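One-letter residues, chain by chain:
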2 protein chains.
Amino acid sequence: MQPDTSDLDGFLADRNDDGYLIDADGEIPDQRYLSGFDAPDPFVTVYADGVHLLVSSLEYGRAKRESNAETVSRYSDFDYRTKREQYEQTEAKTRVIAEFLEQQGVTSVSVPERFPLSSADGLRDLGVSVAVDTESVITQLRAVKTDEEIERIRTAQRANEAAMGRAETLIREATIESGTLVHDGEVLTSERLRREIEMELLRNDHALDETIVACGADAADPHDRGSGPLEPHQSIIIDIFPRGKESKYFADMTRTFVKGTPSETIREWYDLTHKAQRAAFDVIEAGVTGGDVHDAVCDVYEAADEPTLRSDEGTETGFIHSTGHGIGLDIHERPRLAPGGEQLEAGHIVTVEPGLYDPAVGGVRIEDFGVVTEDGFENITEYPKQLVVE
Amino acid sequence: MQPDTSDLDGFLADRNDDGYLIDADGEIPDQRYLSGFDAPDPFVTVYADGVHLLVSSLEYGRAKRESNAETVSRYSDFDYRTKREQYEQTEAKTRVIAEFLEQQGVTSVSVPERFPLSSADGLRDLGVSVAVDTESVITQLRAVKTDEEIERIRTAQRANEAAMGRAETLIREATIESGTLVHDGEVLTSERLRREIEMELLRNDHALDETIVACGADAADPHDRGSGPLEPHQSIIIDIFPRGKESKYFADMTRTFVKGTPSETIREWYDLTHKAQRAAFDVIEAGVTGGDVHDAVCDVYEAADEPTLRSDEGTETGFIHSTGHGIGLDIHERPRLAPGGEQLEAGHIVTVEPGLYDPAVGGVRIEDFGVVTEDGFENITEYPKQLVVE
């Protein structure tokens, strides 16, 4: 898939730079997007009148076949072995990169914020101008999705829903014995449910290492992945964000379930969170900011006297994270639905995931995601929302 | 698990630096090792008379509970919000890092080669001395494993062997129909075998996204993951390198199988590769270099008139990669068993994976891994080596 690089040309012209340089492995989304190439070890991409790659000999054939690049070079094309006899490995590699850039007629480059310091220092020593791109222009390009990208993300969400369905079914089939959920004669733990979720994802060619299945007090910490037996009458937060094993695109969804009878507080929190989510949906459209969407959620919570980070920067209970984030090749990308979040554009894909947390109560979070359109929000999530699993 | 940082103290003293600074997420092995903390977004670790973390508010509680750190700070402890009103996000964060370092009495830091350029430039502008550690001292510390680390890697290898066993069983049970392998009435493809392998890993709490199951011409490209129907009488290379979902440590093993009758060349290559592997095992012990081990493998291949990169830098057939690499928190880490590879130390864990490749023939690779000891090599791999699956 060729990225749309028209904005990149304008960006480089404005900065008077000859090229955009990335030195990273294929797991790094900007690298993956610009190069169209997936390799486990770092390789070099320069954009200068087209995409050009510098890879190890091992990756050469595959890079020619699979990447976006107009040209692919190898380290051995620039006498790497001779350089290696004269210099340390890092300096030898940097000298190859400098010659590769020279061959492309590039003497000044913009680089991402997380460009490796050793390459930057080395290139600067060799007379190449290296300036950090604080606007993250590739990340901005990536934020607006093509129809093909939306389709990949939609496919990931269908796998996600199958996995959530598997989890909900196991909770439904479970019985309550001695204060825990039991399924097929064995205690139903966070770990077991997580494994079942990830097996279901794998059956559908998606993968995830870090599924959250957090119950009770665990659920009160938004980043706690959860552990131990699942308990009845407590909220169970399940947050699944699988990535296509081939497509490399993410989906992201959270549901909160209770097996048994939820407390009155959990019920209220669930309805309020659902209301906060709908308030966000109502605000989202091209032209509003991520900050506006976040404010809509805070308004709902604060009107119900729930603390938010907006009303109390130091609070450790209530609504203690941001409203959402872009997803694509990265699980957290632009735009941010958060204080100071940027203006939304048609084609952005964003999560909307309000939640409330208190160790004394548990946690509730509901997360859907969808596409920002010119006049609204197209929800990609089709999974129902129902607190109590009977 | 507290890392052994005694060498780090000496390293910093030699360089006259106050601290070692890492700005990376918990997937980056040096960060994971030094901080003992796993977080999906970048956070900051400084080593200066102990480990100190700077994390987002969201990770604060978990960082205090789970990390190695003597102290954990939050961005909000350094007026991040006020800074954010005055500066762009990157600069605001860098100013927090500078104050955090100042609080620790640190004015000069060593950083890894891939330290993010924007943080380095920003800290330098604020008067902090930032120098690249070209020795990769943390990576060197990580290369020598503790007994606890070896045990984690051994556990990963048992999961690996269960998955390899599953793959071999499916090949064994398959029948040959119309020139492909068929199992349970369906064509046995690379994709299907890969899924079965990864499901078996997941059952044992290990994961891998990139299993190689490459047959025929695919197997002739060492980085081709393979696709399509598996064929009889052709070599099938299966390379599995799972990571413990909790432990985060890797194992790595390759076997080559043929269902049916291998060609005479494949048989010869298999025996020769096995011989090359044993030659490497014989050489490995503390004090020899990775280059010595690689040479032992090249000697065996070249004596049999097979091309190697040592005998012909440009060859695209024969032995076209290095002999092996360290494994641990990273799948490829120090030491390298390759030309110029460093001296081996007791406690290093290395793979030994000679192989031969030619698109006209296919590929053969046999990979075990184990621990370097004072006087030899302790193989961790217990899986048998047998080319023909009947």
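Residues numbered from 1 in each chain as written. Chains lettered and ligands numbered in written order. Predicted model: local features only at pLDDT ≥ 70, side-chain atom pairs only at ≥ 80, totals over all residues. Heavy atoms only, no water.

What about the interface of chain B and chain A?
Now for step 1: Opposite the 56 residues of chain B that make contact, chain A presents 58 residues.
Now for step 2: With both sides pooled, the region where chain B packs onto chain A buries about 4500 Å², and carbon together with sulfur makes up 42% of that total.
Now for step 3: The largest share of the area that chain B buries against chain A comes from Arg114, Leu117 and His223 of chain B, three residues that together contribute 15% of it.
Now for step 4: Notably, a salt bridge pairs Arg81 of chain B with Glu313 of chain A, separated by 3.7 Å at the nearest N-O pair. (Contact = heavy atoms within 4.5 Å. Buried area = accessible area lost by both parts, 1.4 Å probe. Salt bridge = Lys/Arg side-chain N within 4 Å of Asp/Glu carboxyl O.)

Considering the relation of the copies chain B and chain A
Now for step 1: Mapping chain B onto chain A leaves a residual RMSD of 0.0 Å; the transformation is a rotation of 180° accompanied by 0.0 Å of translation along its axis. Each copy turns onto its partner about a two-fold axis.
Now for step 2: The fraction of interface residues of chain B whose copies in chain A are also interface residues reaches 100%, indicating that both copies meet through the same surface. (Least-squares fit on C-alpha atoms with pLDDT ≥ 70 in both.)

Quick look at the layout of surface pockets
Now for step 1: The computed volume of the second largest pocket comes to approximately 490 Å³.
Now for step 2: Around the second largest pocket sit 22 residues that line it, and Glu316 and Ile320 of chain A together with Ser57, Leu58 and Gly61 of chain B are the ones nearest its centre.
Now for step 3: If you tally residues by element for the lining of the second largest pocket, the top one is helix H3 (residues 57-66) of chain B, at seven residues. (1 Å grid on protein atoms, 1.4 Å probe; cavity = no way out; pocket = protein on both sides within 12 Å on 5 of 7 lines; lining within 4 Å. Points joined across faces, edges and corners; volume = space filled by probe spheres on them. Helix = DSSP H or I, 4+ residues; strand = E, 2+ residues; numbered from the N terminus.)

Description of the sheet that holds strand E5 (residues 108-111) of chain A
Residue and element names in this part refer to chain A.
Now for step 1: Taken in spatial order, the six strands line up as E4-E3-E2-E1-E5-E6 in an open sheet, and their pairing is mixed. Edge strands, defined here as strands with exactly one partner in the open sheet, are strand E4 (71-74) and strand E6 (129-132). On average, adjacent strands in this sheet sit at an angle of 25° to one another, irrespective of strand direction.
Now for step 2: The pairing of strand E1 (residues 19-24) with strand E2 (residues 43-47) spans five bridges and is classified as antiparallel. Its bridge partner lying in E2, Tyr20 is registered against Tyr47. (Pairing = 2+ DSSP bridges. Axes fitted to C-alpha atoms, helices over the stretch in contact; angles between N-to-C directions.)

With respect to the packing of aromatic side chains
Now for step 1: Counting across every chain of the model gives 12 aromatic pairs over all chains.
Now for step 2: A ring pair is formed by Phe281 of chain A and Phe377 of chain A, whose centres lie 4.9 Å apart and whose planes are at 20°; its orientation type is stacked. In this pair, Phe281 of chain A is assigned in helix H10 (residues 264-283) and Phe377 of chain A in strand E21 (residues 376-379), connecting sequence segments 96 residues apart.
Now for step 3: The exposure class of Phe377 of chain A is buried, given its relative accessible area of 17%.
Now for step 4: For the cation-ring pair, Arg74 of chain A lies above Tyr60 of chain A, with the distance from its terminal atom to the ring centre recorded as 3.8 Å.
Now for step 5: Seen from the ring of Tyr75 of chain B, Lys93 of chain B lies directly overhead, with NZ or CZ sitting 5.7 Å from the centre. (Phe/Tyr/Trp six-rings, centres within 6.5 Å; stacked < 30°, edge-to-face > 60°. Buried < 20%, exposed > 50% of the residue type's maximum accessible area, 1.4 Å probe, protein only. Lys NZ or Arg CZ within 6 Å of the ring centre and 35° of its normal.)

What about the packing of helix H5 (residues 89-103) of chain B against helix H6 (residues 117-125) of chain B?
All names here are of chain B.
Now for step 1: With their axes 9 Å apart at the nearest point, H5 and H6 run at an angle of 60° to one another. As far as their axial angle goes, H6 and H5 are oblique. For the crossing formed where H5 meets H6, the hand is right-handed. Contacts between H5 and H6 involve Thr90, Thr94, Ile97, Ala98 and Leu101 from the former and Ser118, Ser119, Gly122 and Leu123 from the latter.
Now for step 2: Taken together, the residues that form the contact of H5 with H6 break down as four nonpolar, five polar and no charged. (Parallel < 35°, antiparallel > 145°, perpendicular 65-115°, else oblique. Left-handed = near helix turned anticlockwise from the far one by under 90°. Nonpolar A, V, L, I, M, F, W, Y, C, P; charged D, E, K, R; others polar.)

Describing the environment of Ile97 of chain B
Residue and element names in this part refer to chain B.
Now for step 1: Following the sequence through the fold, Ile97 ends up in helix H5.
Now for step 2: Considered as a pair, Ile97 and Tyr20 are 77 residues apart in the sequence and their alpha carbons are 13 Å apart.
Now for step 3: Look past the residues within four positions of Ile97 in its chain and what remains in contact with it is Asp23, Val44, Leu54, Tyr75 and Leu123.

A short note on the side chain of Arg192 of chain A
Residue and element names in this part refer to chain A.
Now for step 1: Locating Arg192 in the fold gives a position in helix H9 (residues 190-203).
Now for step 2: For the buried residue Arg192, which engages in no salt bridge, the nearest side chain bearing the opposite charge is Glu186, 4.7 Å off.
Now for step 3: Engagement of the side chain of Arg192 in a polar contact is seen with the backbone oxygen of Val187, the distance being 3.4 Å. (Lys, Arg positive; Asp, Glu negative; His and termini not counted. Polar contact = N/O pair within 3.5 Å; in protein donor to acceptor, adjacent residues only side chain to side chain.)

Remarks on the pattern of salt bridges
Now for step 1: Scanning all chains against the criterion turns up 80 salt bridges over all chains.
Now for step 2: Ionic pairing is found between Glu382 of chain A and Arg158 of chain A, a salt bridge with its closest N-O pair at 3.8 Å. Here Glu382 of chain A, found in the loop between E21 and strand E22 (388-389), pairs with Arg158 of chain A, found in helix H8 (residues 147-173); they are 224 residues apart in sequence, far enough to count as distant.
Now for step 3: Judged by its relative accessible area of 56%, Glu382 of chain A falls in the exposed class.
Now for step 4: Between Arg243 of chain B and Glu27 of chain B there is a salt bridge, with its nearest N and O atoms 3.0 Å apart. Linking Arg243 of chain B in strand E13 (residues 243-244) with Glu27 of chain B in the loop between strand E1 (19-24) and helix H2 (29-35), this pair joins segments that are 216 residues apart in sequence.
Now for step 5: We classify Glu27 of chain B as partly exposed; its relative accessible area is 38%.
Now for step 6: Several salt bridges share partner residues, and in doing so they unite Arg32, Asp38, Glu246 and Lys248 of chain A together with Glu210 and Arg225 of chain B into one network.

Function cannot be read off these values alone, since they describe shape.
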